[in-house]
Amino acid sequence: MPVISFDAVTKVYPLPAGDVVALAGIDLAIEKGEFVLVMGPSGSGKSTLLNIMGSLDVPTSGEVTIAGKRISGMDDDELTLMRRDHIGFIFQQFNLIPLLSVVENVEYPLILKGRRNGSRERAEEVLAAVGITETHLTHKPGELSGGQQQRAAIARALVNDPDFLLCDEPTGNLDTKTGTAIMDLLARMNREEGKTVVMVTHDPRMTEYADRTIRMVDGRLA
Amino acid sequence: MTFLDLARRNVSRHWLRSALAVTGIVIGVVAIATMGILGNSIGLMFNDMVSDVGDTIVVSPAMSGTGGDKLTKRQVDDITRAAGANRVITIPFASTFDKMSVGEKKGGTMIYAMPAGDIPLLLEKEAGTYPRDTGSGCMIGSRLAELNKETGLKLGARVTIGDETLRVVGVLKERGMGFDINPDYAIIVPYSWYSRHYDEDRYDQVVVKVRDVKDLDVVKEGIEQKMNRREDVVSVMDTKAILESVFAAADSITVFLLGIGAISLIVAGVSILNVMLMSVTERIKEIGVLRSIGTRRREVMRMFIYEALILGVVGAVIGGALSFGAGYVITAVIVENPDYLFNPTSLLYILFGMAFGIFTSAASGLYPAWKAAQLNPIQALRHE
Ligand SMILES: Nc1ncnc2c1ncn2[C@@H]1O[C@H](COP(=O)(O)OP(=O)(O)O)[C@@H](O)[C@H]1O
Ligand SMILES: [Mg+2]
């Protein structure tokens, strides 16, 4: 059974100037353990697709099943718990919480889930796995380089052992070398840990990491 | 690391802004608590006074009456009879303000005159003896004695009033403010001397002391019925009624001041609302992140309410401590009895002020917290 499946999914943003069709009928299945790239021009609906996969957004019509659960009819709390328990988000802008230290950022999803016992150790373990050295644990995110922040963000996404990772242009804010290192890290998580990864990117070199590439144009799969 | 922790960190990140919001709460709490303590102290003072002097009725010539502004000896006797001689002690007195001199020193003084035998019934002595009807002895009030220690107005001194010289044979105990007479700054002379010196045989007022406080109303009514049968000859006031009318005014002032306290807390609440709305607006992106990684609405809300509560609790604790100090100043300086501060009701006012401060803060945090929780995660994430 696919970990993510879309059946005739549309997303329409009603605007005064006329409806914007961000997704125009998507059928899609992503199997466990896959590494899938999503490519396409700006405005083609890639982020919308990822947001719906991440139950951050709900489709206008069609059926979405995530980790075996249909998300239509879920209320805000249920969608939030889907994100907390099944999904790991990685953003272009890292999006670490500035008030929390690096290790606390990673600990946060565990605490949200009520796993207070051993949460610090678990966070440190995941941070070590993504290559954050111990000296950086108590730094604030702003004191780290972009690459290190994105590593910490990946650790945060992984810490609750999600069913899949959703990465929206994770290397878009990084220089080529650092971007490649981050890609290597995500590819390793996919290969060695069997993590399902869906990633939006503009970089054609990334296709070599992926099992397959989805191309989007005007809200459709090309 | 919890939501409370996050809230605390955000409060201290913007410490100046937080300090200003806290200051508002502090002022509100102190205003409410001190006004409450003041009001309560006045109430306690009232009770103390009533138990001290609640047995006293003061009979004065009626203001609208035709009988003049003095009472004759016959009227005094009538009053005594009407009150029921066995139930009361009646002490008629007269008073005037006059110049006096002690040696070289000249000044003015209040003079009270009453039958020599009645003086011990009304006034306690500190030193010396009570004056007799014959002779020219007088007593001086404790404060007057204290003020004039240097100038020689003391036991045994000679005081000249008009062309006559009196000898100070006794000093009174301090009596405090009274509704009959205020002897602390005065000279007390026997009525016989006064009558002769001022060529006067009438009295200003009669102090009626009831032996049993329960008889107060009966005695009061008796005097009124007998004396004011045809027209208002006298006005009869019991001290309790006088105290009540004075303290009723004090009560409404207290309510007014409490109102000011409440308003200042509401203003403080508005400033917290403002601070919290700023905090929400600044952190829209952060809220988006928190929501996107699985923080529920109610958890976001909790975080912001904690923030408001921290401001409120800190303000309330500081305000409570300052209220205690301010309460001490009020009770010690204004009411002159710091014990009133430790009265349970006074302490309750401090707690009430604190609780109201915390409540106001929490209430002010509610709307911003709700707003934060209602943010759309995707739009919040996109916010720069
Ligand atoms: N909240 C929104 N309201 C209105 N239109 C939106 C909203 N989000 C996205 N869109 C529109 O939907 C289309 C797809 O956007 P998006 O998924 O962000 O594309 P991509 O990530 O591929 O650049 C665009 O035309 C965009 O303007
Ligand atoms: Mg996009």
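Chemist: Help me get a handle on the interface of chain A and chain B, residues and values and all.
Modeler: Listed per partner, the contact involves 25 residues of chain A and 25 residues of chain B. Summing both sides of the interface, chain A and chain B together bury roughly 2400 Å²; the carbon and sulfur share of this comes to 61%. Here A:Asp76 makes a salt bridge to B:Arg297, at a shortest N to O gap of 3.4 Å. At the boundary of chain A with chain B, the tally comes to eleven residue pairs in polar contact (both at pLDDT 80 or more). Ranked by the residues each element gives to the side of chain A that touches chain B, the list is headed by helix 2 (residues 76–86) of chain A, at six residues. Of the residues that constitute the side of chain A that touches chain B, the class distribution is eleven nonpolar, five polar and nine charged.

Chemist: Run through helix 6 (residues 191–198) of chain B, naming residues and quoting values.
Modeler: Residue and element names in this part refer to chain B. Listed in full, the buried residues belonging to helix 6 are Tyr191, Trp193, Tyr194 and His197. Along the axis of helix 6, the buried residues cluster in a sector spanning 155°; they form a single face. Elements that come into contact with the buried residues of helix 6 comprise strand 2 (88–102), strand 3 (105–114), strand 6 (158–161), strand 7 (164–172) and strand 8 (186–190). One or two residues past the end of helix 6 sits aspartate 199, with phi positive at roughly 50°.

Chemist: So, the environment of B:Lys214: which residues are in play, and what are the values?
Modeler: Mapped onto the secondary structure, B:Lys214 falls in the loop between strand 9 (205–210) and helix 7 (216–227). Sequence-wise, B:Lys214 and B:Asp55 are 159 residues apart; in three dimensions their C-alpha atoms are separated by 8.7 Å.

Chemist: Pulling in residues and values, what's your account of the site of ligand 1?
Modeler: Within the structure, ligand 1 sits among A:Tyr13, A:Val20, A:Ala22, A:Pro41, A:Ser42, A:Gly43, A:Ser44, A:Gly45, A:Lys46, A:Ser47, A:Thr48 and B:Arg382. At 3.2 Å from an oxygen atom of ligand 1 is found a main-chain nitrogen or oxygen belonging to A:Ser44. Between ligand 1 and the protein, one listed contact pairs an oxygen atom with a side-chain N or O atom of A:Thr48 at 2.5 Å. Considered on its own, ligand 1 offers 560 Å² of accessible surface; in the complex 72% of this is hidden by protein.

Chemist: Please provide a residue-by-residue account of a positive patch on the surface, values included.
Modeler: Residues and elements named next belong to chain B. There is a patch of like positive charges on the surface, built from Arg74, Lys226, Arg229 and Arg230. Locating arginine 74 in the fold gives a position in helix 3 (residues 73–83). By relative accessible area, which is 66% here, arginine 74 ends up exposed.

Chemist: Would you mind going over the packing of aromatic side chains in detail, with residue names and values included?
Modeler: All names here are of chain B. For the coordinates displayed, the defined rule picks out ten aromatic pairs over all chains. Ring geometry for phenylalanine 352 against phenylalanine 356: centres 5.9 Å apart, planes inclined by 5°, an arrangement best described as stacked. Placement of the pair is phenylalanine 352 and phenylalanine 356 together in helix 11 (residues 344–374), with a separation of four residues, close to one helical turn. Owing to a relative accessible area of 44%, phenylalanine 352 belongs among the partly exposed residues under this scheme. Ring centres of tyrosine 367 and tryptophan 370 lie 6.4 Å apart, and the angle between their planes is 25°; this geometry places the pair in the stacked category. Placement of the pair is tyrosine 367 and tryptophan 370 together in helix 11, with a separation of three residues, close to one helical turn.

Chemist: An account of the sheet that holds strand 8 (residues 196–200) of chain A is requested, with residue identities and associated values reported.
Modeler: All names here are of chain A. Across the sheet, six strands lie side by side as 6-7-8-3-9-10; this open sheet has mixed pairing. Looking along the sheet, the strands with just one partner apiece sit at the ends: strand 6 (87–90) and strand 10 (220–221). Of the strand pairs in this sheet, strand 7 (residues 164–168) and strand 8 are connected by five bridges, and their pairing is parallel. In the strand pairing of strand 8, cysteine 167 is matched with methionine 199. Helix-sheet contacts for helix 2 involve strand 6 and strand 7, and the interaxial angle to strand 6 is about 85°. Lying on the sheet, helix 5 (residues 146–158) is in contact with strand 6 and strand 7; it crosses strand 6 at an angle near 165°.

Chemist: Outline the layout of surface pockets, supporting the account with residue identities and numerical values.
Modeler: Empty space within the largest pocket amounts to approximately 980 Å³. Taken together, 42 residues line the largest pocket, and the ones lying closest to its centre are A:Ser47, A:Thr48, A:Asn51, B:Ile378 and B:Arg382. Elements that contribute at least two residues to the lining of the largest pocket include exactly strand 1 (4–13), strand 2 (20–30), helix 1 (46–53), helix 2, strand 6 and strand 7 of chain A together with helix 12 (377–382) of chain B.

Chemist: How would you explain the pattern of salt bridges if you had to name every residue and give the values?
Modeler: Tallying each qualifying case throughout the model produces 32 salt bridges over all chains. One salt bridge in this structure joins A:Asp85 and A:Lys113, with 3.7 Å as the shortest N-O distance. Here A:Asp85 is found in helix 2, whereas its partner A:Lys113 is found in the loop between helix 3 (102–112) and helix 4 (119–129), with 28 residues between them in sequence. What makes A:Lys113 partly exposed here is its relative accessible area of 25%. Between A:Lys195 and A:Asp161 there is a salt bridge whose closest N-O contact spans 2.7 Å. Here A:Lys195 is found in the loop between helix 6 (176–193) and strand 8, whereas its partner A:Asp161 is found in the loop between helix 5 and strand 7, with 34 residues between them in sequence. A relative accessible area of 10% means that A:Lys195 is categorised as buried. Through salt bridges with shared partners, a single network forms among A:Glu104, B:Asp5, B:Arg8 and B:Arg9.

Chemist: Could you give an account of empty space enclosed by the protein, with specific residues and numbers?
Modeler: Tallied over the full model, the rule gives two cavities of 30 Å³ or more. Taken together, A:Arg83, A:Arg84, A:Ile87, A:Gly88, A:Phe89, A:Pro109, A:Arg156, A:Ala157, A:Asn160, B:Ser292 and B:Ile293 form the lining of the largest cavity. Elements that contribute at least two residues to the lining of the largest cavity include exactly helix 2, strand 6 and helix 5 of chain A. The greatest single-element share of the lining of the largest cavity, amounting to three residues, is contributed by strand 6 of chain A.

Cut-offs and rules
- Residues numbered from 1 in each chain as written.
- Chains lettered and ligands numbered in written order.
- Predicted model: local features only at pLDDT ≥ 70, side-chain atom pairs only at ≥ 80, totals over all residues.
- Heavy atoms only, no water.
- Contact = heavy atoms within 4.5 Å.
- Buried area = accessible area lost by both parts, 1.4 Å probe.
- Salt bridge = Lys/Arg side-chain N within 4 Å of Asp/Glu carboxyl O.
- Polar contact = N/O pair within 3.5 Å; in protein donor to acceptor, adjacent residues only side chain to side chain.
- Helix = DSSP H or I, 4+ residues; strand = E, 2+ residues; numbered from the N terminus.
- Nonpolar A, V, L, I, M, F, W, Y, C, P; charged D, E, K, R; others polar.
- Buried < 20%, exposed > 50% of the residue type's maximum accessible area, 1.4 Å probe, protein only.
- Arc of directions from axis to C-beta.
- Near = heavy atom within 4 Å.
- Areas by Shrake-Rupley, 256 points an atom, 1.4 Å probe, with all protein chains shown as cover.
- Patch = residues over 30% accessible without salt bridge, like charges linked within 9 Å, V, L, I, M, F, W, Y side chains within 5 Å.
- Lys, Arg positive; Asp, Glu negative; His and termini not counted.
- Charge placed at Lys NZ, Arg CZ, Asp CG, Glu CD.
- Phe/Tyr/Trp six-rings, centres within 6.5 Å; stacked < 30°, edge-to-face > 60°.
- Pairing = 2+ DSSP bridges.
- Axes fitted to C-alpha atoms, helices over the stretch in contact; angles between N-to-C directions.
- 1 Å grid on protein atoms, 1.4 Å probe; cavity = no way out; pocket = protein on both sides within 12 Å on 5 of 7 lines; lining within 4 Å.
- Points joined across faces, edges and corners; volume = space filled by probe spheres on them.

Nothing here speaks to function; it is all geometry.
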